Amino acid sequence: MSTVVEGKDTVKFVTEEEIDNAATVVEEKQEEADSQSAAFNPETGEINWDCPCLGGMAQGPCGEDFKAAFSCFVFSEAEPKGLDCVEKFKAMQDCFRRHPDVYGDEIDDDDEEEEETAKQVEEIKESTQDASIVASSPDEEQSNTLSSWISSWF
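Residues numbered from 1 in each chain as written. Predicted model: local features only at pLDDT ≥ 70, side-chain atom pairs only at ≥ 80, totals over all residues. Heavy atoms only, no water.

Looking at an unreviewed UniProt entry, one finds the chain named Mitochondrial intermembrane space import and assembly protein 40 and attributed to Rhizopus azygosporus. Its UniProt record, at the heading Subcellular location (unreviewed entry), says of the chain: "Mitochondrion inner membrane". (UniProt positions renumbered as here; feature names shortened; annotations may be inferred.)

Set out below in structure tokens:
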């Protein structure tokens with residue numbers, strides 16, 4: 001890189017190679033930052049409980065319930081993803097309700113929505129247990145709703 005000063009202006013000349021090197025460094029730093037900001041690292045299979053993206057949910061009086069639900073969801077192989085974690089999510093929500101002073105923002109006060117979600121979960125469980133039932137549009141909608149509900153926690 002060469003630099004030329006002309007009065008109050010400074011002009012820097014760079015080669016294409018220097019630009020490419022700088023772009024590579026920026027990309028590497030971005031990848032490093034992305035991997036550190038993610039809660040789950042698929043390469044190592046580890047969950048970073050201190051990740052700011054979890055919003056401190058792993059700490060506090062319901063931290064263990066949150067960890068159980070989050071871990072279950074991350075490692076779930078059920079279809080839809082997280083179907084096998086419903087009980088853990090319910091336990092986490094129950095804990096949130098016992099500590100409204102800490103988790104007031106996470107508590108879903110809409111009882112009607114919660115009842116609908118519980119009904120859909122039961123319907124999905126029943127349909128997955130009966131091998132003779134073929135998936136149809138309503139079941140797909142229920143699956144999507146359950147996945148959305150579970151994903152809303154993360």
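From this point, the narrative continues.
Observations concerning the overall build of the chain
The helix and strand tally for the chain stands at 6 helices and 4 strands. Starting at the N terminus and walking to the C terminus, you meet the elements of the chain as β-β-α-β-β-α-α-α-α-α. Within the chain, the fraction of its 154 residues that count as buried is 25%. Pairs at least 24 residues apart make up 44% of the contacts formed inside the chain by residues separated by at least 6 positions. Carbon and sulfur atoms form 48% of the exposed surface of the chain, whose accessible area is close to 10600 Å². (Helix = DSSP H or I, 4+ residues; strand = E, 2+ residues; numbered from the N terminus. Buried < 20%, exposed > 50% of the residue type's maximum accessible area, 1.4 Å probe, protein only. Contact = heavy atoms within 4.5 Å. Areas by Shrake-Rupley, 256 points an atom, 1.4 Å probe, with all protein chains shown as cover.)

Quick notes on helix H3 (residues 86-98)
Spanning 13 residues, H3 covers 18 Å between terminal C-alpha atoms, matching the ideal 18 Å at 1.5 Å per step. Within H3, burial applies to Val86, Phe89, Met92, Gln93, Cys95 and Phe96. (Expected span 1.5 Å × (residues − 1).)

So, the packing of aromatic side chains
One pass over the full model with this rule turns up 6 aromatic pairs. Ring plane angle 15° and centroid distance 5.7 Å describe the contact between Phe66 and Phe70, whose orientation is recorded as stacked. With Phe66 and Phe70 both in helix H2 (residues 63-75), this residue pair falls 4 residues apart, about one helical turn. With respect to burial, Phe66 and Phe70 carry one shared label: buried. (Phe/Tyr/Trp six-rings, centres within 6.5 Å; stacked < 30°, edge-to-face > 60°.)

So, the state of the cysteines
Taken as a whole and assessed by the stated rule, the structure comprises 3 disulfides. Between the sulfur atoms of Cys62 and its disulfide partner Cys95 the distance amounts to 1.9 Å. As the torsion about the S-S bond is roughly -95°, the Cys62-Cys95 disulfide counts as left-handed. Of this pair, Cys62 sits in the loop between strand S4 (46-47) and H2 while Cys95 sits in helix H3, and the two are 33 residues apart along the sequence. (Disulfide = S-S within 2.5 Å.)

Examining the nonpolar core
Ranked by size, the top nonpolar core spans 19 residues in total, and within it Leu54, Phe66, Phe70, Phe89, Met92 and Phe96 carry the most contacts. Secondary structure elements with two or more residues in this core: H2 and H3. Element by element, the count of residues in this core is highest for H2, at 6 residues. (Core = buried A, V, L, I, M, F, W, Y, C linked by side-chain atoms within 4.5 Å.)

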